[in-house]
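Coordinate analysis (summary)
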Amino acid sequence: MKVIVPVKRVVDYNVKVRVKADQSGMDLANVKMSMNPFDEIAVEEAVRLKEKGVVTEVIAVSCGVTQCQETLRTAMAIGADRAILVETSEELQPLAVAKLLKALMDKEQPGLVILGKQAIDDDCNQTGQMLAALADLPQGTFASKVEVVDGKVNVTREVDGGLETLSLTLPAIVTTDLRLNEPRYVTLPNIMKAKKKQMDIVKPEDLGVDVSPRLKTLKVSEPPKRGAGIKVPDVATLVDKLKNEAKVI
Amino acid sequence: MTALVIAEHDNASIKGATLNTVAAAAQCGGDVHVLIAGHNAGPAAAAAAQIAGVAKVIHADAEYLAHGLSENMAAQVLAIASNYSHILFPATASGKNIVPRVAAKLDVGQISDITQVITADTFERPIYAGNAIATVQSGDATKVITVRTTGFDPAAATGGSAAVETQAALADSGKSTFMGSEIAKSDRPELTAAKIIVSGGRALGSAEKFNEVMTPLADKLGAALGASRAAVDAGYAPNDWQVGQTGKIVAPQLYVACGISGAIQHLAGMKDSKVIVAINKDPEAPIFSVADYGLEADLFTAVPELIKAL
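Let us look at the structure shown here.

Cut-off values and rules
- Residues numbered from 1 in each chain as written.
- Chains lettered and ligands numbered in written order.
- Predicted model: local features only at pLDDT ≥ 70, side-chain atom pairs only at ≥ 80, totals over all residues.
- Helix = DSSP H or I, 4+ residues; strand = E, 2+ residues; numbered from the N terminus.
- Buried ≥ 20, exposed ≤ 12 C-beta atoms within 10 Å, placed from the backbone.
- Contact = placed C-beta atoms within 7 Å.
- Rg over C-alpha atoms; globule rule 2.2 N^0.38 Å.
- Pairing = 2+ DSSP bridges.
- Axes fitted to C-alpha atoms, helices over the stretch in contact; angles between N-to-C directions.
- Arc of directions from axis to C-beta.
- Parallel < 35°, antiparallel > 145°, perpendicular 65-115°, else oblique.
- Left-handed = near helix turned anticlockwise from the far one by under 90°.
- Nonpolar A, V, L, I, M, F, W, Y, C, P; charged D, E, K, R; others polar.
- Core = buried A, V, L, I, M, F, W, Y, C linked by C-beta atoms within 7 Å.

1. Regarding the overall build of chain A
Broken down by element type, chain A carries 6 helices and 15 strands. For chain A, the spread of C-alpha atoms along the three principal axes comes to 65 × 45 × 40 Å. Buried residues in chain A amount to 47% of all 249 residues. Sequence separation of 24 or more characterises 69% of the internal contacts of chain A that already satisfy a separation of 6 or more.

2. So, the overall build of chain B
When you go through chain B residue by residue, the secondary structure sums to 8 helices and 16 strands. Computed over C-alpha atoms, the radius of gyration of chain B comes to 21 Å, within 12% of the 19 Å expected from 2.2 N^0.38 for 310 residues, which places it in the range of a compact globule. A fraction of 65% describes how many contacts in chain B between residues 6 or more apart in sequence connect residues 24 or more apart.

3. Describing the sheet that holds strand β15 (residues 230-232) of chain A
Backbone hydrogen bonds hold the strands of a sheet together, and the pairing may be parallel or antiparallel. Read from one edge of the open sheet, 6 strands run β15(A)-β16(B)-β15(B)-β14(B)-β12(B)-β13(B), paired in parallel fashion. The two strands at the open ends of the sheet, each matched to only one other strand, are β15 of chain A together with β13 (224-227) of chain B. On average, each strand axis in the sheet is inclined to that of its neighbour by 20°, with strand direction left out of account. Two strands pair when backbone bridges link them, and strand β12 (residues 196-200) of chain B and β13(B) are joined in this way by 4 bridges, in the parallel orientation. Across the sheet, B:Val198 pairs through a bridge with B:Leu225, a residue of β13(B). Against the sheet, helix α5 (residues 207-221) of chain B contacts β12, β13 and β14 (254-258) of chain B, and its axis sits at roughly 170° relative to β12(B). In the packing of helix α8 (residues 299-309) of chain B onto the sheet, contacts are made with β14, β15 (275-280) and β16 (293-296) of chain B, and the angle to β15(B) comes to roughly 135°.

4. Some remarks on helix α3 (residues 70-78) of chain B
For α3(B), the buried fraction is high: 8 of the 9 residues fall into the buried class. Buried within α3(B) we find B:Ser70, B:Glu71, B:Asn72, B:Met73, B:Ala74, B:Ala75, B:Gln76 and B:Val77.

5. With respect to helix α2 (residues 42-50) of chain B
Residue and element names in this part refer to chain B. Of the residues making up α2, those classed as buried are Ala44, Ala45, Ala47 and Ala48. Projection of α2 onto a plane perpendicular to its axis shows the buried side chains occupying an angular sector of 160°, all on one side. Looking at the buried positions of α2, the neighbouring elements they touch are β2 (31-38), β3 (56-61) and β10 (163-167).

6. Concerning the environment of B:Ala75
Looking at the secondary structure, you find B:Ala75 in helix α3. Each C-alpha atom, one on B:Ala75 and one on B:Lys56, is 20 Å from the other, the two residues being 19 residues apart in sequence.

7. Comments concerning the interface of chain A and chain B
Across the contact, 66 residues belong to chain A and 70 residues belong to chain B. Elements with a minimum of two residues in the side of chain A that touches chain B: α3 (94-108), α4 (127-134), β9 (139-149), β10 (152-159), β11 (162-169), β14 (215-221), β15 and α6 (235-245) of chain A. Ranked by residues supplied to the side of chain A that touches chain B, first place goes to β11(A) with 8 residues. The sheet contact formed by β11(A) and strand β11 (residues 176-183) of chain B spans 7 bridges and is antiparallel. Across the sheet, residue A:Leu166 finds its bridge partner in β11(B), namely B:Phe178.

8. Concerning the packing of α3(A) against α4(A)
Residues and elements named next belong to chain A. Running from amino to carboxyl end, α3 crosses α4 at an angle of 50°, the nearest separation of the two axes being 8 Å. Accordingly, the angle class assigned to the pair α3 and α4 is oblique. Regarding α3 and α4, the two cross each other, and that crossing is right-handed. Across from Pro94, Leu95, Val97, Ala98, Lys99, Leu101 and Lys102 in α3, the residues of α4 making contact are Thr127, Met130, Leu131 and Leu134. Each residue belonging to the contact of α3 with α4 can be placed in one class, and the counts come to 8 nonpolar, 1 polar and 2 charged.

9. As for the sheet that holds β11(B)
Pairing in this open sheet of 10 strands is mixed, and the strands run β13(A)-β7(A)-β6(A)-β1(A)-β8(A)-β12(A)-β9(A)-β10(A)-β11(A)-β11(B) from one edge to the other. Two strands close off the open sheet at either side, each with one partner strand: β13 (199-202) of chain A together with β11 of chain B. The mean angle between the axes of side-by-side strands here comes to 25°, regardless of whether they run parallel or antiparallel. Two elements, β9(A) and β10(A), share 6 bridges in a ladder whose sense is antiparallel. Considered in β10(A), the bridge of A:Val149 is made with A:Lys152.

10. A few points about unusual backbone geometry
All names here are of chain A. Each neighbour pair has its own omega, and for Leu170 with Pro171 the value is -5°, a cis peptide bond. Relative to the elements of secondary structure, Pro171 occurs in the loop between β11 and β12 (172-176). One non-glycine residue, Gln109, adopts positive backbone phi at about 50°. Judged by C-beta crowding, with 10 C-beta atoms within 10 Å, Gln109 ranks as exposed. Phi is positive for Asp123, close to 50°, though the residue is something other than glycine. The topology assignment puts Asp123 in the loop between β8 (112-116) and α4.

11. Focus on the nonpolar core
Of all hydrophobic cores here, the largest spans 185 residues; its most connected members are A:Val5, A:Ala60, A:Ala75, A:Ala80, B:Val34, B:Ala48 and B:Val277. Sorting elements by how many residues they give to this core places α3(A) first, with 8 residues. Excluding anything up to four places from it in sequence, B:Ala48 contacts B:Ala7, B:Ile14, B:Val34, B:Ile36, B:Val54 and B:Val57.

12. Observations concerning the environment of A:Leu104
Residue and element names in this part refer to chain A. Mapped onto the elements, Leu104 comes out in helix α3. Considering only alpha carbons, one finds Leu104 and Ile4, 100 residues apart in sequence, at a separation of 9.0 Å. If we skip the residues at most four places from it in the chain, Leu104 touches Ile4, Val61 and Ile84.

This is the structure:
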């Protein structure tokens, strides 16, 4: 069984990004970029399934600019076998990415696609579910445990209030939550090995997908700032303020 | 122009998030209908009919809808989607799971986590963990939306008298099966609906200490319990207590952060709270920059003192 793992190149989660002065978007010049953390968990899970012998090949896919090759090399350093870049400089929204992935699924016929549940830049949380809909496949989102048994995949999901477990027929789509696994550190020998792995580059047109954005961003602005509060010297003052000034208790 | 709200419910009653979503739907400018899809969900449908501003309730009842499986829920929505200009779900775990399936099948771009309705096709939504607010305009025929409940005051739960219409059941997709769930039973208010939240961080040091220090404070205040990602990762608190960018987004009247440093990802989940209290012994902790009342102290002495003083 093959697994496809889509990975997104995003601003590193440690970077504090700023809105551009003209409100046209975020200032991303010279900002450190990394693999979306949830996607790293997805790659790790796919590689572990391969190490268990459940999966035969892990294919990392990224959609976006040329530099996404670096993200794909990282995925291959974690253990993905090969990579496909769908290269475009156009803005890609989740529906477009889902369509590109669907086209690649048709070609590669994977048994599983494992995606991050959300990207930490646009915070959309859409692509996996959209792909499942387009491919008419079952989905197990926000996974904290994934087990492949007898032609099915059991997915334990993080839901409001606790956990639930679903059994999905294969092929299926899984999206990862934070605590599915802890991705391994990539080692130098594996980084070197990843450089020699196969990377194919295609264009959206080759896949017959129209990627034009559906949502137009009119402006991006700073959120309202919270007024700076005060420091209280002791617990008694705190209780007094909460009772008599804020009136919340 | 009519908006459809997909209710979050437990078959017996309506969850609070539904009311905020109805309020957002009303701002889109037309009538508001509510879909109750569930099993033996008559009481939930009756409750939805009482919500102020709801013109019609559509009730779909079948065993395969009992567990809210996304494949079946999306199909139920798609069967009536053509009647609506706007389709809105609360941005809960359940809503986030189902909506993109609906959007993709309708071939429209989804608008996630809206915090404001500007016009019928233009909305505000936070991006980059709430470090920026994007104003986006949808050119698609149907607007498919998830609503960040903290952005909208809830519609009144009573005062309406909508007709309840039954929607024919469809077939089970057969592709996914519900195996079971572990939902923690608790008398505490739900995290996203609580008026007061007390939240603990890594400084608690262990699951035992977390329970020993934080639980009495929550009991005293009638509060829900939350946690930072660091505390959850360390196993001090259950996963679904995590407040932050990728966990729960909350906006209670009072948020008490104990031993939480205040990473941007955590602030993203709670900075819209009305009053924020931070108790932390590190004077440089970023949490103090958003706190209305900061107490620079060791939480192991300050919290018991606070419990006594309340």
